[in-house]
Amino acid sequence: MITAPLSPDHLARSVMAVPPLARSTDGAISEPENERIIRHLENGGVELLLYGGNANLYHLPLSEYDGLLALLSRLAGPRTLVVPSAGPTYGLLLEQARVVRRHAFPTVMVLPQQGITTSRGVADGIRRFVDAAGVPALVYVKHDGFIEPEDVADLDRDGLISAIKYATVRSDPADDPYLRRLVALVDPRKIISGIGEQPAIEHLRGFGLGGFTSGCVCVAPRLSQALLAAVRRGDYAEAERIRELFRPLEDLRNAINPIRVLHQAVAGAGIAATGPLLPLLTTVEPEHVAPITAAALALLAADRAA
């Protein structure tokens, strides 16, 4: 596992995968199945792994946290940089910070908490987490009102953040006043488009963002990497062609639930047995299994043909 700081160079050469966390039928975190997911990604050229929402770390018991970090450190290949997450509540952030100090991760993403927050309060919480954990934070902006661009910029100037994952959904990703303010205040190469392949082209082309995160990369790592490479060289027609291959599975994620559908898609494609989802989530309803599996298998076939 790479322990060097996360840099714009990392974001420029690798999609940041956001994998599910596989569990055994008894609910325990499964080492062999998570290893299968990681090897599938690494064999497809992916060198950045972010364990956050798709891994359902929002609901992870504190008792599992140390073991999970040890597992990820052990499973990641020598060219792979892993970013675990912490939070979303302030109390949990402080408890997890003590655990983070026992490991060698170069950064940790702070999960966003909805409600009962103010922008300055969030910034102060991130500062205290960084001080307690001893590593910079990856800031996750998922909805308006969570943290203002000016407060993110203050954290950046003080050297407290490694990157920003920007994942606020807009009807038109090219029309985004918040993101326009953010890139004016923070080096856009440190900002990651955080909503998968669908808005990635507009975010990288129109705002100069440094890279993008993806859940569907866990099914099709070669294609996702090819999309990033196409945007980097300015071949937007090829990038659009590749993006369309992801659309059927992404449409199902948007229509049902992104985390639950990806969890089923990775299993349905035969990549790994992902097992049950930790409460407060549930696996997809039986009627959704067939269409998700079909979309995942079609995307995997396209990936193998790439």
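Above this text sits the structure in question.
We now turn to the structure provided with this report.

Here is what the cut-offs are and how they apply
- Residues numbered from 1 in each chain as written.
- Predicted model: local features only at pLDDT ≥ 70, side-chain atom pairs only at ≥ 80, totals over all residues.
- Heavy atoms only, no water.
- Pairing = 2+ DSSP bridges.
- Helix = DSSP H or I, 4+ residues; strand = E, 2+ residues; numbered from the N terminus.
- Expected span 1.5 Å × (residues − 1).
- Bend = angle between axes of the 7 residues up to and from the residue.
- Buried < 20%, exposed > 50% of the residue type's maximum accessible area, 1.4 Å probe, protein only.
- Contact = heavy atoms within 4.5 Å.
- Phe/Tyr/Trp six-rings, centres within 6.5 Å; stacked < 30°, edge-to-face > 60°.
- 1 Å grid on protein atoms, 1.4 Å probe; cavity = no way out; pocket = protein on both sides within 12 Å on 5 of 7 lines; lining within 4 Å.
- Points joined across faces, edges and corners; volume = space filled by probe spheres on them.
- Nonpolar A, V, L, I, M, F, W, Y, C, P; charged D, E, K, R; others polar.
- Salt bridge = Lys/Arg side-chain N within 4 Å of Asp/Glu carboxyl O.

### Some words on the sheet that holds strand E5 (residues 108-110)
Sheets are built from strands paired through backbone hydrogen bonds, the pairs being either parallel or antiparallel.
Next up, step 1: Here nine strands make up an open sheet; going across it, the order is E3-E2-E1-E9-E8-E7-E6-E5-E4 and the pairing parallel. What marks the edges here is a single partner per strand, and that holds for strand E3 (81-83) and strand E4 (85-86).
Next up, step 2: As paired elements, E4 and E5 share two bridges and run parallel to each other. Counterpart to Ala86 in the pairing with E5 is Val110.

### Regarding helix H10 (residues 236-255)
Each α-helix turn comprises 3.6 residues. Residues three or four places apart therefore point the same way.
Next up, step 1: The terminal C-alpha atoms of H10 lie 27 Å apart, and with 20 residues this matches the ideal 28 Å at 1.5 Å per residue to within 8%.
Next up, step 2: Of all the bends in H10, the greatest, near 45°, is centred on Arg247, and the proline Pro248 appears no more than four residues after it.
Next up, step 3: Within the span of H10, buried status applies to Ala239, Ile242, Arg243, Phe246, Leu249, Glu250, Leu252 and Arg253.
Next up, step 4: Elements that come into contact with the buried residues of H10 comprise helix H8 (200-207), helix H9 (221-232), helix H11 (258-268) and helix H12 (286-305).

### Considering the packing of aromatic side chains
Next up, step 1: Under the defined criterion, the tally for this structure stands at one aromatic pair.
Next up, step 2: Taking 5.7 Å as the distance between ring centres and 15° as the angle between the ring planes, the aromatic pair formed by Tyr166 and Tyr178 counts as stacked. Of this pair, Tyr166 sits in strand E7 (residues 161-166) while Tyr178 sits in helix H7 (residues 177-185), placing them twelve residues apart in sequence.
Next up, step 3: Judged by its relative accessible area of 0%, Tyr166 falls in the buried class.

### Quick look at the layout of surface pockets
Next up, step 1: The volume enclosed by the largest pocket comes to roughly 880 Å³.
Next up, step 2: As for the largest pocket, its lining consists of 37 residues, of which Lys142, Val169, Gly194, Ile195 and Pro258 are closest to the centre.
Next up, step 3: Ranked by residue count, the leading element in the lining of the largest pocket is H10, at five residues.
Next up, step 4: Looking at side-chain class alone, the lining of the largest pocket contains 13 nonpolar, 16 polar and eight charged residues.
Next up, step 5: At the level of secondary structure, the elements contributing two or more residues to the lining of the second largest pocket comprise helix H4 (90-100) and helix H5 (119-133).
Next up, step 6: When the residues that make up the lining of the second largest pocket are grouped by side-chain class, the tally is nine nonpolar, six polar and two charged.

### Details of the side chain of Thr293
Next up, step 1: Note on placement: Thr293 falls in helix H12.
Next up, step 2: Setting aside anything within four residues of it in sequence, one finds Thr293 in contact with Gln264 and Gly268.

### Focus on the pattern of salt bridges
Next up, step 1: Counted according to the given criterion, the structure contains 26 salt bridges.
Next up, step 2: Across the pair Glu33 and Arg36 runs a salt bridge whose closest N-O atoms are separated by 3.2 Å. In this pair, Glu33 and Arg36 both sit in helix H2 (residues 31-43), three residues apart, roughly one turn of the helix.
Next up, step 3: Assessed through its relative accessible area of 40%, Arg36 is described here as partly exposed.
Next up, step 4: Between Lys190 and Asp156 there is a salt bridge, with its nearest N and O atoms 2.4 Å apart. Of this pair, Lys190 sits in the loop between H7 and strand E8 (191-193) while Asp156 sits in helix H6 (residues 149-157); the two residues are 34 residues apart in sequence, bridging distant segments of the chain.

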